[in-house]
Amino acid sequence: AWAAGWVMEHREGRRFRDYLTACLIGLCCIYALGLAGLYLNLNFVVGKEVGLVRVIQIGALPFIAGDILKALGAAALAVKIGPRIGEIARLQGR
């Protein structure tokens with residue numbers, strides 16, 4: 001969330017491309033940490049020797065398509081509701 005928020009704070013626009021970039025960077029962070037955790041758990045806790053390629057096969061590949069679709073949907077939704085949230089925040093004095 002921090003990475004996605006940082007990207008949006010440093011973008012001038014609030015276009016679909018900006019939101020999608022933020023979503024995908026956030027996903028990359030999640031995948032990097034998740035795959036590292038899976039690798040460490042499998043190799044050092046479970047005691048099963050698993051290489052990086054196999055960790056990616058079991059920990060990322062089954063989920064990438066769905067996560068990209070969710071990122072596309074979130075970016076499309078953010079384009080529509082983002083300006084409204086800003087209006088509400090301004091009306092409440094935030």
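## Observations concerning the overall build of the protein
Link 1 in the chain: Within the protein one finds four helices and zero strands.
Link 2 in the chain: Listing the helices and strands of the protein from first to last along the sequence gives α-α-α-α.
Link 3 in the chain: Expected size for 94 residues packed as a compact globule is a radius of gyration near 12 Å; at 18 Å, the protein overshoots this value by more than 25%.
Link 4 in the chain: Counting only C-alpha atoms and orienting by the principal axes, one finds that the protein spans roughly 55 × 25 × 20 Å.
Link 5 in the chain: The buried share of the protein, taken over its 94 residues, is 22%.
Link 6 in the chain: Here the analysis covers contacts within the protein between residues at least 6 apart in sequence; of these, 53% occur between residues at least 24 apart.
Link 7 in the chain: Total accessible area on the protein stands at roughly 7,000 Å², and carbon and sulfur atoms take up 67% of it.

## Some details on the nonpolar core
For soluble globular proteins, the rule of thumb is that nonpolar side chains tend to be buried together.
Link 1 in the chain: Counting 16 residues, the largest nonpolar core has Tyr19 and Ala22 as the members making the most contacts within it.
Link 2 in the chain: For this core, the secondary-structure elements that each account for two or more residues are helix H1 (2-9), helix H2 (16-45) and helix H4 (61-91).
Link 3 in the chain: With seven residues, the single largest contributor to this core is H2.
Link 4 in the chain: For Ala22, the residues in contact, after removing those within four places along its chain, are Ala4, Val7 and Met8.

Procedures and definitions
Residues numbered from 1 in each chain as written. Predicted model: local features only at pLDDT ≥ 70, side-chain atom pairs only at ≥ 80, totals over all residues. Heavy atoms only, no water. Helix = DSSP H or I, 4+ residues; strand = E, 2+ residues; numbered from the N terminus. Rg over C-alpha atoms; globule rule 2.2 N^0.38 Å. Buried < 20%, exposed > 50% of the residue type's maximum accessible area, 1.4 Å probe, protein only. Contact = heavy atoms within 4.5 Å. Areas by Shrake-Rupley, 256 points an atom, 1.4 Å probe, with all protein chains shown as cover. Core = buried A, V, L, I, M, F, W, Y, C linked by side-chain atoms within 4.5 Å.

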